[in-house]
Amino acid sequence: MIRAILFDMGGTLDGDGLHWLDRFVALYENSGLKLPREKIRAAFDEAERQSLQDEDILTADFAQMIAEHVRWQFAYLELDDHALAQQIVEGFIAPVRAAVVANAQLLAELAARGFALGVASNGCGNVDKLCADFGFAPYLAAIVDSRRVGLCKPDPAFFFHAAKAIRAAPETIVMVGDSFERDVRPAKLAGMKTAWLEGASARECSDPSLIDFRLRKLADLPAALSAA
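Quick summary incoming for the structure in this document. (Residues numbered from 1 in each chain as written. Predicted model: local features only at pLDDT ≥ 70, side-chain atom pairs only at ≥ 80, totals over all residues. Heavy atoms only, no water.)

Here we come to the overall build of the protein. Within the protein one finds 10 helices and 6 strands. Taking 2.2 N^0.38 as the reference for a compact globule, 228 residues should give roughly 17 Å; the C-alpha atoms of the protein span a radius of gyration of 17 Å, in line with that estimate. Taken over the C-alpha atoms alone, the protein extends approximately 55 × 35 × 30 Å along its principal axes. Out of the 228 residues belonging to the protein, those deemed buried represent 49%. In the protein, once contacts between residues fewer than 6 apart in sequence are set aside, the share between residues at least 24 apart is 62%. When the accessible surface of the protein is summed, it comes to about 10500 Å², and 52% of that surface belongs to carbon and sulfur atoms. Here the protein holds 24 positive side-chain charges and 32 negative ones, and the gap between their average locations is 6 Å. (Helix = DSSP H or I, 4+ residues; strand = E, 2+ residues; numbered from the N terminus. Rg over C-alpha atoms; globule rule 2.2 N^0.38 Å. Buried < 20%, exposed > 50% of the residue type's maximum accessible area, 1.4 Å probe, protein only. Contact = heavy atoms within 4.5 Å. Areas by Shrake-Rupley, 256 points an atom, 1.4 Å probe, with all protein chains shown as cover. Lys, Arg positive; Asp, Glu negative; His and termini not counted. Charge placed at Lys NZ, Arg CZ, Asp CG, Glu CD.)

See below:
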């Protein structure tokens, strides 16, 4: 019997299966900048590296975090355009703000059904701040942030730690995430059930047998659990 549900954050609870990198690539393209994806990926990776070391991120809310992320990207890309940076920041934040309202309602529904809920994320140390900012915190029994616990996906040890944090046996937990390699595969190795948030279009993966539930959107989860 499923007793607990763990959610990834970036690409999952803050959206519907769309990775942060893909969001930034679309925003740069829409701004008129003709940058190859590989260049944007390099800037994104540099911003991610800095966010894992920066001390101010530990207390940053979502808007502060994205502003810093874009600032680091622009520094890497050698772009000096405050108006464009603000456009990218606002373009990133707006759809997330819309998505998290619906996702907070989803968490409320699942909590009312008796599930213990948690977030298990490769974070920058501020996942608890994001959960509070998004309105998720009242429904969560556990928040596991990789920077805080010293473990990260795809290490199965991260998922064993998350199971202990939410006080449930792995076989009674569903891990919900948008990454097959970072969420689904290691969660299944840890003994959990898995829900893969594919997004709007079907995606290929290396081993479909590891997936218990395939979701087009996060709102499909309650019905999938009811049918299990």
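Considering the arrangement of structural elements, one finds Lys153 in the loop between α7 (146-149) and α8 (156-166). Here Asp8 takes part through its side chain, which lies 2.9 Å from a polar atom of the side chain of Lys153. Of the polar contacts made by the side chain of Lys153, one reaches the side chain of Asp183; its length is 2.7 Å. Lys153 has contacts with Asp8, Ala120, Ser121, Asn122, Phe158, Phe159, Met175, Arg182 and Asp183, leaving out every residue within four places of it along the chain. (Polar contact = N/O pair within 3.5 Å; in protein donor to acceptor, adjacent residues only side chain to side chain.)

Read across the sheet, 6 strands follow the order β3-β2-β1-β4-β5-β6 without closing on themselves; strand pairing throughout is parallel. Of all strands in the sheet, those with a lone pairing partner are β3 (142-145) and β6 (213-215), marking the two edges. Across the sheet, the mean angle from the axis of one strand to that of its neighbour is 20°, orientation sign disregarded. (Pairing = 2+ DSSP bridges. Axes fitted to C-alpha atoms, helices over the stretch in contact; angles between N-to-C directions.)

Take the pattern of salt bridges next. Following the criterion strictly, the structure yields 14 salt bridges and no others. Arg23 is paired through a salt bridge with Asp14; the nearest N and O atoms lie 3.0 Å apart. Its relative accessible area of 2% is what places Asp14 among the buried residues. A salt bridge links Asp22 to Arg37, with the shortest nitrogen-to-oxygen separation between them at 2.7 Å. Residue Asp22 is found in helix α2 (residues 20-31), and its partner Arg37 is found in helix α3 (residues 37-51); the two are separated by 15 residues along the sequence. (Salt bridge = Lys/Arg side-chain N within 4 Å of Asp/Glu carboxyl O.)

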